There are 4 protein chains.
Amino acid sequence: MRDRITESFARQGLMVTLGATLDHIGDGIVRVVADVRPETAQQHGVGHAGLTFALADSAAGYAALTILSEGAEVVTSEFRISLLAPARGRLLAEGRVVRPGRRLVAVAADVWGGDDRGGRVHVATALGTMVPVGAG
Amino acid sequence: MRDRITESFARQGLMVTLGATLDHIGDGIVRVVADVRPETAQQHGVGHAGLTFALADSAAGYAALTILSEGAEVVTSEFRISLLAPARGRLLAEGRVVRPGRRLVAVAADVWGGDDRGGRVHVATALGTMVPVGAG
Amino acid sequence: MRDRITESFARQGLMVTLGATLDHIGDGIVRVVADVRPETAQQHGVGHAGLTFALADSAAGYAALTILSEGAEVVTSEFRISLLAPARGRLLAEGRVVRPGRRLVAVAADVWGGDDRGGRVHVATALGTMVPVGAG
Amino acid sequence: MRDRITESFARQGLMVTLGATLDHIGDGIVRVVADVRPETAQQHGVGHAGLTFALADSAAGYAALTILSEGAEVVTSEFRISLLAPARGRLLAEGRVVRPGRRLVAVAADVWGGDDRGGRVHVATALGTMVPVGAG
């Protein structure tokens, strides 16, 4: 399962472009990390909402994949994100399975970033729906 | 207003990274376009949900900016996107103001892509909330 | 199809409790109406968000049902509503199919109400996902 | 604070109509309970999504109120709910403040119900945005 997810992640062009890497793969939970860089920021140097969303969506999608059978893939059906604080420093996105299902997998995600004093900030929280789509 | 948005957009590192450009700036409506490329795709070459989201969010944010006074900025408070079809070819994201407000601007966005036969496909539809944040 | 929806609606206890009635049944579109009453209001006499949501959700669910085969039922998988203005007077909720699907039906809904001068107000806009669940 | 919320809740016509009562009022957290009844069910006797939403929305709104100053009120700006399982028996909705703010309060809510064997079922999870609106 770990290999399958690692290989799939490596093939996601956008994750490579965003400088994202897999931080943790567990049963129903996946963490993705990426540093906010000028090329992934908005006009004031803070991480773009699109960066935060992409990390949260990928972490949640792979979290769903951890509970599906070999060869399965998932696509995001819908995703709702609340942006709670500016995204700065190293972003950690954690995706979790909220409710597994054969046709739908309800997922949640949270993203944390850093502040000026080395602390952690809750950057975003999200809910979504992933749909298994048979063999990849 | 057009210059302000064009300059702001040009400073959004992520939009440059995603190869996105402004297609239209109107009163309460902005369109952004970008081609799906390997570096913005998921593992099967289709546009990543993060790409579709980023284009929709930026188009909606700038649509909100068109109705605000000089010097204002907006940040995304929350954004909910439904992914309706695979994102292929040239993506066109249209952001619209649904309801202007002093403290909150309700926005909507739709994203269209191409299909194999040169037709248009409704790739995503979204609703969100933008928050004006005073001077940039 | 019309009879099936009319009978199903009549069996929805909450719709009866809220004083809601079917206003229009079309192909992929259903409208539901209800007056804001003290028993469906919040503490200031304005329609409760729960009333607006229930009308939008039911209209969208029945809109999805109009495109499904005989004997099918739908359940709401997720629903996201933006409340744009206070809900007053007679509320009209329109549900529409955004994208039909065998496993998921993407829906949208809007709710309009009245103002003090006999005009119409856009009270809410929503997106959701309905899931067909075989025979009722 | 407790009195203010208890009085406000008692004036919410819809909560009375739905048979909802306040179960717990804490700092940034409020719980509301209600039994699924025929008059709040959908066509198959299961709690209507509108019931689940209304309980979650009210619990989250009052959770936000617990952290605001005397005389403040909140209105729901947007609310996104994922329905995870059929709503049966006694429903318990818990609303929590995710991030307090002067202009916006990010909230979350979960709803649990009962099953046939006396167990608890996670019926719904939700995220929303509440807006403080000055004096009531």
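Our subject is the structure listed above.
This is a predicted model, so every value here is computed, not measured.

Q: How should the interface of chain C and chain B be read in this particular structure?
A: When the parts of a complex come together, some accessible area is lost, and that lost area is often taken as the interface size. At the interface, 13 residues of chain C touch 13 residues of chain B. Together, the buried faces of chain C and chain B total about 960 Å²; carbon and sulfur atoms form 60% of this surface. Looking only at chain C, the three residues that lose the most surface to chain B are Arg80(C), Leu84(C) and Leu127(C), adding up to 52% of its buried area. The interface formed by chain C and chain B holds zero salt bridges in total. Linking chain C with chain B are four residue pairs in polar contact (both at pLDDT 80 or more).

Q: Looking at this model, I keep getting lost on the pattern of salt bridges. Mind explaining?
A: Opposite charge on two side chains permits them to pair, given that their charged atoms come into close proximity. Summed over all chains, the structure comprises 36 salt bridges over all chains. Between Glu78(B) and Arg80(B) there is a salt bridge, with the nearest N and O atoms lying 2.6 Å from each other. Since its relative accessible area comes to 0%, Glu78(B) is described here as buried. The salt bridge involving Arg31(D) is made with Glu94(D); its shortest N-O contact spans 2.7 Å. In this pair, Arg31(D) sits in strand S2 (residues 29-35) while Glu94(D) sits in strand S4 (residues 90-99), placing the two residues 63 residues apart along the sequence. Assessed through its relative accessible area of 23%, Arg31(D) is described here as partly exposed. By relative accessible area, which is 12% here, Glu94(D) ends up buried. Connected through shared salt-bridge partners, Arg31(A), Glu94(A), Arg96(A) and Asp110(A) make up one network.

Q: Could you clarify how one ought to interpret the relation of the copies chain C and chain B in this entry?
A: Here chain C sits on chain B after a turn of 180° about the axis and a move of 0.0 Å along it, with an RMSD of 0.0 Å. Here the transformation between the copies is reduced to the relation of a two-fold axis. The residues that chain C uses at the interface reappear at the interface of chain B in 100% of cases, marking a shared surface.

Definitions and limits used
Throughout, a residue's number is its position along its own chain's written sequence, starting from 1. Lettering of chains starts at A and numbering of ligands starts at 1, both following the order in which they are written. Only residues with pLDDT of at least 70 get local features here, since the model is predicted, and only at 80 or more are side-chain atom pairs given and counted; chain-wide, interface and lining totals rely on the full set of residues. Side-chain measures here rest on the full set of heavy atoms in the structure, leaving out hydrogens and waters. Contacts between residues were defined by any pair of non-hydrogen atoms, one from each residue, lying within 4.5 Å. Here the quantity called buried area is the accessible surface, traced with a 1.4 Å probe, that two parts lose on coming together, added over both. Just to be clear on terms, a salt bridge is a Lys or Arg side-chain nitrogen sitting within 4 Å of an Asp or Glu carboxyl oxygen. A 3.5 Å cut-off defines polar contacts: any pair of N or O atoms within that distance qualifies, except that in protein one atom must be a possible hydrogen donor and the other a possible acceptor, and neighbouring residues in sequence count only when both atoms are side-chain atoms. The buried label applies to any residue whose accessible area, calculated with a 1.4 Å probe on protein chains only, is under 20% of its type's maximum; exposed applies above 50%, and partly exposed to all values in between. Put simply, DSSP marks the helices as runs of H or I at least four residues long and the strands as runs of E at least two long, and each gets a number from the N terminus on. In this comparison the copies share one frame, found by least squares on the C-alpha atoms of residues holding pLDDT of at least 70 in both.

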